[in-house]
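Structural characterization, general
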Amino acid sequence: MKGFLLDQNGDLLLYNNELQMAYGDDLTAQTVRMVLGTNKKDWFLNWDEGIQFQNILGKHITDDMLKTEVLAGLKQVDDTFALDSFTVTREARTATVQFTAHNSDGAVVEEVYTWA
């Protein structure tokens, strides 16, 4: 599979006036970042894409609840994803997760993601 390569802001990348493409594990990791950065029911083209931000940043959210939400996002990309490692850091009104996950195709995604 291939898709358009996006920068950290979600903008298309151009090089010599040509759109850059993402392939394989890079595309999988990019798709994971996009799903984790989308609040469910906020994208009008697919109301089901994304995760519930209220389950990330709400009051009384446990690490297990956050882990469940991240795993739900991973499973939107590929339902065979499994978490290998998962840590949460909270400061003020932000939550940062660092995780490693793999799918049945052998793709490994290592991400650090922060919600504020």
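Heads up: the structure comes first, above all this text.
A brief structural summary.

Calculation notes
Residues take numbers from 1 onward in each chain, read along the sequence in its written order. In view of the model being predicted, local features appear only for residues whose pLDDT reaches at least 70, and side-chain atom pairs are presented and counted only at 80 or more, with totals across whole chains, interfaces and linings using the full set of residues. Computation of side-chain values covers all heavy atoms of the structure but excludes hydrogens and water. The patch calculation keeps residues exceeding 30% relative accessible area without a salt bridge and links them within 9 Å when they carry like charges or within 5 Å when they are nonpolar (Val, Leu, Ile, Met, Phe, Trp, Tyr). In this description, accessible areas are obtained by the Shrake-Rupley approach with a 1.4 Å probe, and a residue is regarded as covered only by the protein chains that are shown. Salt bridges are identified by distance alone: a Lys or Arg side-chain nitrogen within 4 Å of an Asp or Glu carboxyl oxygen. In this text, helices come from DSSP runs of H or I with a minimum length of four residues, and strands from runs of E with a minimum of two, each type numbered from the N-terminal end. Each residue's exposure class comes from its accessible area (1.4 Å probe, protein chains only) as a fraction of the maximum for that residue type: buried when under 20%, exposed when over 50%, partly exposed otherwise. In this text, buried Ala, Val, Leu, Ile, Met, Phe, Trp, Tyr and Cys residues form a nonpolar core when linked through side-chain atoms within 4.5 Å. Throughout, a residue-residue contact means that at least one pair of heavy atoms, one from each residue, lies within 4.5 Å. Residues counted as positive are Lys and Arg, residues counted as negative are Asp and Glu, and His and the chain ends are not counted. Pairing between two strands requires that DSSP report at least two bridges joining them. Axes, fitted as lines to C-alpha atoms, cover a helix only where it is in contact. Angles between the N-to-C directions of the axes lie from 0 to 180 degrees.

Here we take up a nonpolar patch on the surface. A cluster of nonpolar side chains, namely F4, L12, L14 and L19, defines an oily patch on the protein surface of about 390 Å² accessible area. Here L12 is to be found in the loop between β1 (2-4) and β2 (14-15). Residue classification places L12 among the partly exposed residues on the basis of a relative accessible area of 47%.

Nonpolar side chains tend to gather and get buried jointly when the protein is soluble and globular. L36, L66, V70, V97, F99 and W115 are the most contacted members of the largest nonpolar core, which has 17 residues in total. Looking at this core, the elements with two or more residues in it are α1 (24-36), α3 (63-77), β6 (94-102) and β7 (108-115). It is β6 that contributes the most residues to this core, four residues altogether. Those residues in contact with V97 that lie beyond four places of it in its chain are L66, V70, F86, T87, V88, E111, V112, Y113 and W115.

Attention now goes to the side chain of D78. With respect to the secondary-structure elements, D78 resides in the loop between α3 and β5 (82-91). Here D78 is buried and forms no salt bridge, its nearest opposite-charge partner K75 lying at an N-O distance of 7.5 Å. Setting aside its immediate chain neighbours within four residues, D78 contacts N103 and D105.

For the rest of this paragraph, the subject is unusual backbone geometry. The backbone of H60 shows a phi angle near 60°, a positive value even though the residue is not glycine. Inspection of the secondary structure puts H60 in the loop between α2 (54-57) and α3. A positive phi angle, close to 50°, is found at A92, a residue other than glycine. Take A92: it is sitting in the loop between β5 and β6.

With that settled, the discussion passes to the sheet that holds β5. One open sheet holds the three strands; their spatial order is β5-β6-β7, and the pairing between them is antiparallel. Edge positions in the open sheet fall to β5 and β7, since each of these has one partner strand only. With direction set aside, neighbouring strand axes in the sheet form an average angle of 10°. With eight bridges connecting them, β6 and β7 associate as antiparallel partners. Paired with T100 across the strands is E110, a residue of β7. Each of β6 and β7 is contacted by α1, which is oriented at about 25° to β7, the strand it contacts most. Strand contacts of α3: β5, β6 and β7, with the helix running at about 130° to β5, the strand carrying the most contacts.

Residues in a regular strand point their side chains to alternate faces of the sheet. Alternating residues of β7 divide into V109, E111, Y113 and W115, all buried, and V108, E110, V112 and T114, none buried. The hairpin formed by β6 and β7 contains five residues between the paired strands, and G106 there has a positive phi angle of roughly 95°.

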